[in-house]
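Below are the chains, spelled out letter by letter.
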Amino acid sequence: MATQKVTEWRKLPISLTELCIETTLRCGQSFRWRKINEQWHCVLKGRLISLKQDPTHLHYKVTWPTCTETPKHEHPQEVEVDTSVLLHNYFALSHSLTTLYAQWSLSDANFARRAPAFTGIRILNQDAWETLISFICSSNNNIARISQMVLKLCTHYGPYVATVEGEAFHDFPGPEALAGEGVEAHLRKLGFGYRAKYIADTAACVAQVHGESWLLRLRNPSVPALGAAEEDISLKKEEGAEEKEPVESEADMDDPPTYQKAHKALLTLPGVGPKVSDCVCLMGLGWGESVPIDTHVWQIAQRDYKFGGKGSKTKTLNKAMYEAVGDHFRKIWGPQAGWAQSVLFTANLKSFSEQAAGLEIEKKGVVKVEEESQEEVVMTAEPVTKSGKMEGAVVKIEESEETAATTSRSMAMTRKRKMVAAEVIPTAEPDATIQTTTTRTLRSSKRIKSQV
């Protein structure tokens, strides 16, 4: 086997307040980053990128594939510039996060109260196709399971790039790879459930109906696509490629693209509801005003912004309320409202609860046993048959147990969580209408904290 071509470590000057990869890469935006030996690894644009960070710099190195393909820039200096531009684009470093945090804190007291423990969270500028499929996988799911599904997609359908510490890394598969015969059945065997059909059908729509450039035509023209700075990414037809007929009824491609048009166009794809569409608009198409509303953000809206009435614990979220919550956040946070939302979303995740507590836990230094249970209701847009009935629907019960241990200078914690999830799995036709369904997830956990 040929020796992998690995560059030396390079660095970009950036502070932890402008970018914190430990938080940004774990908060449910991208599901392909893996941490091995205190370094983060992911394949971007055909190369394996490894990252580590100190208070003043982001350090990176590149591993190129071992096959006969070679990077288009042969000179080491050109390779360094190429990857530096790619990372600048991926982490959207043209935005001053310090300035944005200051603006959001002035306009929103709740943001000002919670943000200091969560500095450095940026919205990643990801590949639109990868973002679309990843968030179709997110339906009634958690970050750990989504990451496993995305890993399976890459392993079984994506091109191999490199190996780190015995772990193989593949690039994300394109639409053609996921539109092939037998993909749906194979994904069901791999544990994707009803999402398998959505993935296969969406891949077929993009590859065989719309054409891959369709997603590019939906993006914010002021935000270059990932890799556009170092590649000649354009909407021109590739030489010799068959031209796809544009679907003008879904998005008026002759007019300048807007967030609203992009959001509406994505809703025509199988398995894409309002939340998934907003996730793709925000993280894959550069529409910073897009605000995805899931169960966590709905909890935030009710608890901190009094949506649903005083003391309301309503768990249903209809279309009108979904739009009202998004409009409210856009009004107080401005054109980058989706960025501000990601900070509060992260602060609301239980996996970041110790970070949210911050210095308060260190000051207390007490032994505490905490038991909690939570019932979550996730609103998803599921297709049903035209008659309005869900045919062949089944209920899948999953039970899992997770144990995690965390240590720090002043506190040790052991957490054991048992999760029972009831999941409605439809077997609807792909041309079905949209119906809102809910899934309740019962969680119970016991936390043991002690001074160290």
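Numbers given to residues run from 1 along each chain, matching the order in which its sequence is written. Owing to the predicted nature of the model, reporting of local features is limited to residues with pLDDT of at least 70; listing and counting of side-chain atom pairs is limited to 80 or more, with chain, interface and lining totals taken over all residues. By convention in this description, side-chain values take in all heavy atoms of the structure and omit both hydrogens and water.

### Considering the overall build of the chain
Item 1. Every helix listed is a DSSP run of H or I at least four residues long, and every strand listed is a run of E at least two residues long, numbered separately from the N terminus. Within the chain one finds 17 helices and twelve strands.
Item 2. Burial status across the chain gives 50% buried among its 452 residues.
Item 3. Two residues qualify as a contact provided that any one of their heavy atoms is within 4.5 Å of a heavy atom in the partner residue. Considering only contacts within the chain whose residues lie at least 6 apart along the sequence, 72% involve residues at least 24 apart.
Item 4. Here, Shrake-Rupley sampling with a 1.4 Å probe gives the accessible areas, and only protein chains in the shown set may cover a residue. As displayed, the chain has an accessible area near 21,800 Å², and 53% of this comes from carbon and sulfur atoms. We call a residue buried when its accessible area falls under 20% of the maximum for its residue type, exposed when it is over 50%, and partly exposed in between, using a 1.4 Å probe and counting protein chains only.

### Describing the packing of aromatic side chains
Item 1. Centre distance within 6.5 Å is the pairing criterion for rings of Phe, Tyr and Trp, where only the six-membered ring of Trp is used; planes under 30 degrees apart are then read as stacked, over 60 as edge-to-face, and the remainder as tilted. In the structure shown here, the tally under the stated rule is eleven aromatic pairs.
Item 2. Taken together, a centroid distance of 5.4 Å and an interplanar angle of 75° make the contact between W104 and F111 edge-to-face. Both residues of the pair, W104 and F111, belong to the buried class.
Item 3. Taking the centre distance of 4.4 Å and the plane angle of 10° together, the rings of F329 and W333 count as stacked. Within this pair, F329 and its partner W333 are both found in helix α14 (residues 319–333), separated by four residues, close to a single helical turn. Taken as a pair, F329 and W333 share a single burial class, namely buried.
Item 4. Among the aromatic residues, those joined into a ring-pair cluster are W33, Y90 and F91.
Item 5. Sitting over the face of the ring of F169, R34 holds its NZ or CZ atom 3.7 Å from the ring centroid.
Item 6. Counted as over-ring charges are cases with an Arg CZ or a Lys NZ within 6 Å of the ring centre that also lie within 35 degrees of the ring normal. In this arrangement the basic side chain of K52 is found over the ring face of W9, its NZ or CZ atom lying 4.3 Å from the centre.

### A short note on the nonpolar core
Item 1. Among buried residues, the Ala, Val, Leu, Ile, Met, Phe, Trp, Tyr and Cys ones that are joined through side-chain atoms within 4.5 Å form a nonpolar core. With 79 residues, the main nonpolar core has F111, W129, L187, F192, L266, L285 and W333 as its most contacted residues.
Item 2. The contacts of L285, once residues within four sequence positions are left out, are A128, L215, L218, R219, N220, A262, L266 and V280.
Item 3. Grouped together as the second largest cluster of nonpolar side chains are 20 residues, L25, L51, L124 and L226 included.

### Overview of the pattern of salt bridges
Item 1. Whenever Lys or Arg places a side-chain nitrogen within 4 Å of a carboxyl oxygen from Asp or Glu, that contact is recorded as a salt bridge. In the structure shown here, the tally under the stated rule is 14 salt bridges.
Item 2. Of the charged contacts in the structure, one is a salt bridge between D304 and R114, with a shortest N-O distance of 3.3 Å. Separated by 190 residues along the polypeptide, D304 in helix α13 (residues 295–305) and R114 in helix α4 (residues 109–114) bring together distant segments of the chain.
Item 3. With a relative accessible area of 19%, D304 lands in the buried category.

### Concerning the packing of α13 against α14
Item 1. Under this scheme, a helix contributes an axis fitted over its contacting stretch, all axes are lines through C-alpha atoms, and angles between N-to-C directions fall in the 0 to 180 degree range. Packing of α13 against α14 brings their axes to within 11 Å, and their N-to-C directions diverge by 65°. In terms of orientation, α13 and α14 fall into the roughly perpendicular class. Handedness of the α13/α14 crossing: left-handed. Of the residues in α14, those touching α13 at V297, W298, A301 and Y305 are M321, V325, H328, F329, I332 and W333.
Item 2. When residues are grouped by polarity, Ala, Val, Leu, Ile, Met, Phe, Trp, Tyr, Cys and Pro land in nonpolar, Asp, Glu, Lys and Arg in charged, and all others, Gly among them, in polar. The class makeup of the residues in the contact of α13 with α14 is nine nonpolar, one polar and no charged. The cut-offs work like this: below 35 degrees is roughly parallel, past 145 is roughly antiparallel, 65 to 115 is roughly perpendicular, and the gaps in between are oblique. Each helix crossing is assigned a hand: it is left-handed if the near helix lies turned anticlockwise from the far helix by less than a right angle, otherwise right-handed if that turn is clockwise.

### Remarks on helix α3 (residues 97–107)
Item 1. Inspection of α3 places L97, L100, Y101 and W104 among the buried residues, and these make up the whole buried set. Burial along α3 is one-sided: seen end-on, the buried residues are contained in an arc of 100°.
Item 2. Looking at the buried side of α3, the elements it contacts are α4, α14 and α15 (337–348). What the arc covers is the set of directions going from the helix axis to the C-beta atoms.

### Some remarks on the packing of helix α5 (residues 128–136) against helix α12 (residues 274–283)
Between two packed helices, what matters for the description is the angle formed by their axes and the separation of those axes.
Item 1. Where α5 meets α12, the closest approach of the two axes is 9 Å, and the angle between their N-to-C directions is 150°. With respect to their mutual orientation, α5 and α12 come out roughly antiparallel. The way α5 lies across α12 gives a crossing that is right-handed. Taken together, the residues of α12 that come into contact with α5 (itself represented by A128, T131, L132, F135 and I136) are V276, C279, V280 and M283.
Item 2. Its residues assigned to classes, the contact of α5 with α12 comprises eight nonpolar, one polar and no charged.

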